[in-house]
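Here are the chains, one letter per residue:
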Amino acid sequence: MGKKKNQEPKALTQGRKTRRRWLTFVRMCRYGVNNFSRNMWLTVAATAVMTITLLIMFMTLVARQVLIDTVNEIKDKVDMSIYVDTDTTADQAAAIKDAISKLPTVTSVMYISPEQGREEFAKQNKGDIQTLDALNEATNKLPGIFRIKIVDINDPTELNNFVKNNELYQENKDPDREPSFQGDRRTAIETIGRWVEFAERGGLVASVVFMIISALIVFNTIRMAIFNRKEEIQMMKLIGADRSFIRGPFVVEAIVYGFIAALIATGLGVGALYALKDRINEWVTISGTVDLVTAYLGLILLAMILVGAVIGVVSSLLATRKYLRI
Amino acid sequence: MYRMILLDRVTKSYGRDDKPALNRISLHVEPKEFVIIVGTSGAGKSTLLKLLTREEKPTSGKIVIGGIDYDQLKDKHIPLLRRKIGVVFQDFKLLPQRTVYENIAFALEIAGMTSKEIRNTVPKVIELVGLTGKEKQFPHQLSGGERQRVAIARAVVRQPKILIADEPTGNLDPKHSWDIVRLLEKINKYGTTVLLTTHNVEIVNKLKRRVITLEHGKITSDQAQGSYRQ
């Protein structure tokens, strides 16, 4: 019985403490929201800067994705060519094709016979009478072409080994034409390969740099906003407010900035993407990115809110820390 | 004997080579006393008040306020100490975005009082300082005298043992200055120790209270019913 009596006041004190904490939390939130609505010009400025920041982040990521898609599409269009003599028979060509397609790094092989090559050439130059006349008079000296796509255009080692070691190819190869991944053409293919790498790595670095710069801009805006109210903070301290009670409303306010800015930035960013997709599609590959954004719209909005809130919270915590010593 | 404020050979220097702002001063104030501190600018009045509110730490010496020894006070307990001391400033230091009611209630909210307790207490203090009817106004809608009344209401709403008023009439005309001084006297009559710093010769001489004079960081006079000449 006595034990129970001792426990009751303890439980009561604990209950009171919890109630106080809850009350304090609710009050901090209320003050944060009040500050947001009562400091109109600061609110507008901070929300605008945060919106621009999130928009820059969104656009940077979209641009990176578009760049990667575009370069990948170009990469897909790049094929490597091996040339065989005009006299190579269909059977020999089929055997070489079969051997090439068995290489693990090869994704597709297409054979264009000298006859097909001649027809294609005629089609391409149908407006050019002089060239067509020359073609009609000349004997067909066009080579047979194998158009080959490989997994990584930066690494044609396996194909290179095939060219050097395959006997059937060696017997039928066109002595006048080097394979495209050797000599001059190799440089062009390598340039494209470097662009792919640049799109992936450079895009990532640019995204990170933009994000850091944007976060710094937001941090400075919030710091200015808090600097403006340093006397208010000083006064709160002298009245006896705890650090957390002083900091709380600023943090809540920053979360509200982040939330509203995320809604506006996502709206503007996604809206702009939809509105401009047809025009942009003429130059770059954007449809994949638009599909991605459409599929993950909810997640993107959530991420934007989270990023906005985190930048806001970290900025306000750092900015108030200076004024909260003793 | 219990002393509300006790300073024992307190020195405060801001730089190593600078002259100390306060130089080995000792004083004590009894509970319910009304003490006026006078002195020219730079005499050390502000430093003294900053030491009492623990905005600054003394370079040497001992400070005990309401039984709390500052040497034993941990940083995390400073807010609790400040809730026991009411402070009023020359420039009011009100929260500009909050109404009269909210400014006063703020002092209770930070102490974790319930909304019901706040609703019961705040109107009484608003009545005490004569601002009934102005509860919903913002500081910028009030006169200087009214703003100072809000500041006083905020300082006394938690019924502190000590009220420190730092030049509370500095920004007011003579009529409003006297209103504020009368209000401080009323609060003192209810049992709060009041520490008032002022430049106003007329107020000091008419009040006939204890006057401590500071000059160049030292106490040069301490009179029970003092006067002041600039």
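Residues numbered from 1 in each chain as written. Chains lettered and ligands numbered in written order. Predicted model: local features only at pLDDT ≥ 70, side-chain atom pairs only at ≥ 80, totals over all residues.

K.L.:
How do you make sense of the overall build of chain B when you look at a structure like this?
P.N.:
Check the secondary structure of chain B and you find 7 helices and 10 strands. Here chain B, with 230 residues, has 42% of them falling under the buried criterion. Considering only contacts within chain B whose residues lie at least 6 apart along the sequence, 68% involve residues at least 24 apart. (Helix = DSSP H or I, 4+ residues; strand = E, 2+ residues; numbered from the N terminus. Buried ≥ 20, exposed ≤ 12 C-beta atoms within 10 Å, placed from the backbone. Contact = placed C-beta atoms within 7 Å.)

K.L.:
Help me understand the overall build of chain A, please; the structure alone is not making it clear to me.
P.N.:
Secondary structure assignment for chain A yields 12 helices and 3 strands. Counting over 326 residues, chain A shows a buried share of 29%. In chain A, of all internal contacts separated by at least 6 residues, the share reaching a separation of at least 24 is 87%.

K.L.:
Looking at this model, I keep getting lost on the sheet that holds strand β1 (residues 80-84) of chain A. Mind explaining?
P.N.:
Either a parallel or an antiparallel arrangement is found when strands of a sheet pair, and the pairing is made through backbone hydrogen bonds. Residues and elements named next belong to chain A. On the basis of which strands lie adjacent, the open sheet formed by 3 strands has the order β1-β3-β2 and antiparallel pairing. Lying at the two open borders of the sheet, with one neighbouring strand each, are β1 and β2 (106-112). For this sheet, the mean angle separating the axes of adjacent strands, direction not counted, is 20°. One ladder, built from 6 bridges, connects β2 with strand β3 (residues 144-150); its direction is antiparallel. (Pairing = 2+ DSSP bridges. Axes fitted to C-alpha atoms, helices over the stretch in contact; angles between N-to-C directions.)

K.L.:
Can you walk me through the sheet that holds strand β2 (residues 22-29) of chain B in this structure?
P.N.:
Residues and elements named next belong to chain B. Here we have 4 strands laid out as an open sheet, ordered β2-β1-β4-β5, and antiparallel in their pairing. The open sheet has two edge strands with one neighbour each: β2 and β5 (68-69). With 5 bridges joining them, strand β1 (residues 5-12) and strand β4 (residues 60-65) adopt antiparallel strand pairing. Following the sheet pairing, Ile 5 is matched in β4 by Ile 65. Relative to β1, helix α1 (residues 45-52) is tilted by about 120°, and along the sheet it contacts β1, β2 and β4.

K.L.:
Help me understand the interface of chain B and chain A in this model?
P.N.:
Accessible area lost during the coming together of the parts is what is often quoted as the interface size. Taken together, the 17 residues of chain B in the interface contact 18 residues of chain A. Broken down by secondary-structure element, the contributors of at least two residues to the side of chain B that touches chain A are α2 (78-82) and α3 (100-109) of chain B. With 4 residues, α2(B) is the largest single contributor of residues to the side of chain B that touches chain A.

K.L.:
Whenever I open this one, the nonpolar core confuses me. Can you help?
P.N.:
One recurring pattern in soluble globular proteins: nonpolar side chains tend to sit buried together. Counting residues in hydrophobic clusters, the biggest one holds 106 residues, and the most contacted among them are Leu54(A), Ile104(B), Ala153(B), Leu163(B), Ile164(B) and Leu195(B). Broken down by element, this core gets its largest block of residues, 12 residues, from helix α10 (residues 243-280) of chain A. What Leu163(B) contacts, discounting residues up to four positions off in sequence, is Gly86(B), Val88(B), Ala155(B), Val156(B), Ile187(B), Thr192(B) and Val194(B). Counting 14 residues, the second largest nonpolar core, distinct from the first, contains Ile145(A), Phe146(A), Ile148(A) and Tyr169(A). (Core = buried A, V, L, I, M, F, W, Y, C linked by C-beta atoms within 7 Å.)

K.L.:
How should unusual backbone geometry be read in this particular structure?
P.N.:
Apart from glycine, the bulk of residues carry a negative phi angle, and the bulk of peptide bonds sit in the trans form. Residue and element names in this part refer to chain B. Of note, the phi angle at Lys 93 is positive, near 50°, even though the residue is not glycine. Along the chain, Lys 93 falls in the loop between β6 (85-88) and α3. Positive phi, normally seen in glycine, also occurs at His 216, with a value near 45°. Here His 216 lies in the loop between β9 (210-215) and β10 (218-223).

K.L.:
Which parts of the structure should I look at to understand the pairing of β4(B)?
P.N.:
Consecutive side chains along a regular strand alternate between the two faces of the sheet. Residues and elements named next belong to chain B. As paired strands, β4 and β5 are joined by 2 bridges and run antiparallel to one another. Within β5, the position partnered with Val 64 by the bridge is Asp 69. Counted along the chain from β4 to the antiparallel partner β5, the turn is 2 residues long, and its residue Gly 66 has a positive phi close to 50°.

K.L.:
Explanation requested: α3(B) in the structure shown.
P.N.:
By the criterion of burial, α3(B) is predominantly enclosed, with 9 of the 10 residues buried. Every buried residue of α3(B) is accounted for by Val100(B), Tyr101(B), Asn103(B), Ile104(B), Ala105(B), Phe106(B), Ala107(B), Leu108(B) and Glu109(B).

K.L.:
Help me understand the confidence of the model for chain A, please; the structure alone is not making it clear to me.
P.N.:
Low pLDDT means the predicted atomic positions in that stretch should not be read closely. A residue-level look at chain A finds 90% of positions with pLDDT of 70 or above and a mean pLDDT of 81. Below a pLDDT of 50 lies the segment residues 1-5 of chain A, which in the model reaches 0 contacts outside its immediate sequence neighbourhood of four places, other chains included. (pLDDT = per-residue confidence, 0-100.)

K.L.:
For this particular structure, what's the right way to read the pairing of strand β8 (residues 193-197) of chain B?
P.N.:
Residue and element names in this part refer to chain B. Burial of β8 is extensive: 5 of the 5 residues sit out of reach of the surface. Here β8 shows no split at all, with Thr 193, Leu 195 and Thr 197 on one side and Val 194 and Leu 196 on the other all buried. Sheet topology places strand β3 (residues 34-38) next to β8; 4 bridges connect them, and they run parallel. For Ile 37, the partnering residue across the bridge sits in β8 and is Thr 197. Pairing between strand β7 (residues 162-166) and β8: 5 bridges, direction parallel. Of the residues in β8, the one forming a bridge with Leu 163 is Val 194. In this region the chain leaves β7, passes through helix α6 (residues 174-189) and returns to the parallel neighbour β8; the handedness of that crossover is right-handed. (Right-handed = clockwise from strand over helix to strand, strands pointing away.)

K.L.:
Any chance you could explain the environment of Arg325(A) here in plain terms?
P.N.:
Its place among the elements puts Arg325(A) in the segment after α12 (297-321). Separated by 91 residues in the primary sequence, Arg325(A) and Gln234(A) place their C-alpha atoms 9.9 Å from one another.

K.L.:
Before we go on, may I ask you to explain the environment of Thr193(B) in this structure?
P.N.:
All names here are of chain B. Mapping Thr 193 onto the fold places it in strand β8. According to the C-beta neighbour criterion, Thr 193 is buried, with 24 such atoms within 10 Å. Sequence separation between Thr 193 and Glu 30 is 163 residues; the distance between their C-alpha atoms is 7.7 Å. In this view, Thr 193 contacts Met 4, Val 29, Pro 31, Lys 32, Glu 33, Lys 161 and Ile 162; residues no more than four positions away in its chain are not counted.

K.L.:
I would appreciate a short explanation of the packing of helix α5 (residues 144-156) of chain B against α6(B) in the present structure.
P.N.:
Pairs of packed helices are described in terms of their axes, by the angle between the two and the distance that separates them. Residue and element names in this part refer to chain B. It is the contact of α5 with α6, at a shortest axis distance of 9 Å, that shows an interaxial angle of 15°. Taken together, α5 and α6 sit at an angle that is classed as roughly parallel. Considering how the two elements wind past one another, α5 and α6 form a crossing that is right-handed. The segment α5 lies against α6, with Gly 144, Gly 145, Gln 148, Arg 149, Ile 152 and Val 156 engaging His 176, Asp 179, Ile 180, Leu 183 and Ile 187. Of the residues that constitute the contact of α5 with α6, the class distribution is 5 nonpolar, 4 polar and 2 charged. (Parallel < 35°, antiparallel > 145°, perpendicular 65-115°, else oblique. Left-handed = near helix turned anticlockwise from the far one by under 90°. Nonpolar A, V, L, I, M, F, W, Y, C, P; charged D, E, K, R; others polar.)

K.L.:
Got a minute to help me understand the confidence of the model for chain B in this structure?
P.N.:
Across chain B, the average pLDDT comes to 90, with 97% of residues at 70 or higher. Overall fold confidence (pTM) sits at 0.68, and the ipTM for the predicted complex is 0.82.

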